[in-house]
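So the chains spell out like this:
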Amino acid sequence: MLRFSAWQGFDEVQTVAFFSLMKKLHGACISTSYDNMDECFQYFKELILCHSVQRPPWSIELYSAVQVRAMTKYVVDTFFHHFHLYKYAFTSKMILDIKFHYDDKPQQTRELRELAVYSDNEVENSEQEVTTE
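All of the points below concern the structure found in this document. (Residues numbered from 1 in each chain as written. Predicted model: local features only at pLDDT ≥ 70, side-chain atom pairs only at ≥ 80, totals over all residues. Heavy atoms only, no water.)

Here we take up the environment of Lys87. Summarising the element assignment, Lys87 is placed in helix H5 (residues 83–90). Sequence separation of Lys87 and Ser31 is 56 residues, and the distance between their C-alpha atoms is 9.4 Å. Setting aside anything within four residues of it in sequence, one finds Lys87 in contact with Cys29, Ile30, Thr32, Ser33, Tyr34 and Asn36. There is a polar contact of 3.0 Å between the side chain of Lys87 and the backbone oxygen of Tyr34. (Helix = DSSP H or I, 4+ residues; strand = E, 2+ residues; numbered from the N terminus. Contact = heavy atoms within 4.5 Å. Polar contact = N/O pair within 3.5 Å; in protein donor to acceptor, adjacent residues only side chain to side chain.)

Structure below.
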């Protein structure tokens with residue numbers, strides 16, 4: 001990104017703004033685990049528009065139309081080309097734990113589960129005694 005900025009001849013303010021723009025874009029892209037490439041590209045276009053049109057206090061013209069075109073091509077060819085890789089590497093994983101509760105069925109307590117295991121063992125032992133006799 002810094003090499004691209006130097007190659008385009010950006011001054012310090014333009015380089016910092018481009019770096020900040022990419023940081024915001026990256027943060028928006030990894031904020032959710034869903035595939036949001038289209039929304040991220042729309043967000044990028046909004047951010048770049050805010051820095052390419054002179055409309056104080058909402059936007060300031062830092063970049064020319066030629067620079068905006070070059071930045072958009074660079075971001076599409078680099079960031080969005082590897083979008084799913086970044087998504088996989090930087091998005092936190094979600095673990096879904098589902099518990100069902102039925103109102104008409106009593107919940108099984110620990111004592112009932114132990115009793116069920118105990119009675120199963122008794123049945124197995126009595127079956128073994130019957131087969132050995």
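On to a nonpolar patch on the surface, then. A contiguous nonpolar patch, built from Met1, Leu2 and Phe19 and spanning about 290 Å² of accessible area, is present on the exposed surface. Considering the arrangement of structural elements, one finds Met1 in the segment before helix H1 (2–8). (Patch = residues over 30% accessible without salt bridge, like charges linked within 9 Å, V, L, I, M, F, W, Y side chains within 5 Å. Areas by Shrake-Rupley, 256 points an atom, 1.4 Å probe, with all protein chains shown as cover. Salt bridge = Lys/Arg side-chain N within 4 Å of Asp/Glu carboxyl O.)

It is worth spelling out the packing of helix H2 (residues 12–29) against helix H4 (residues 65–78) at this point. As a packed pair, H2 and H4 sit with axes 13 Å apart at the nearest point and diverge in direction by 40°. Classified by the interaxial angle, the pair formed by H2 and H4 is oblique. Crossing of H2 against H4: the hand is right-handed. Packed against H2, whose contacting residues are Gln14, Phe18, Met22 and Leu25, the element H4 presents Gln67, Met71, Tyr74 and Val75 at the interface. (Axes fitted to C-alpha atoms, helices over the stretch in contact; angles between N-to-C directions. Parallel < 35°, antiparallel > 145°, perpendicular 65-115°, else oblique. Left-handed = near helix turned anticlockwise from the far one by under 90°.)

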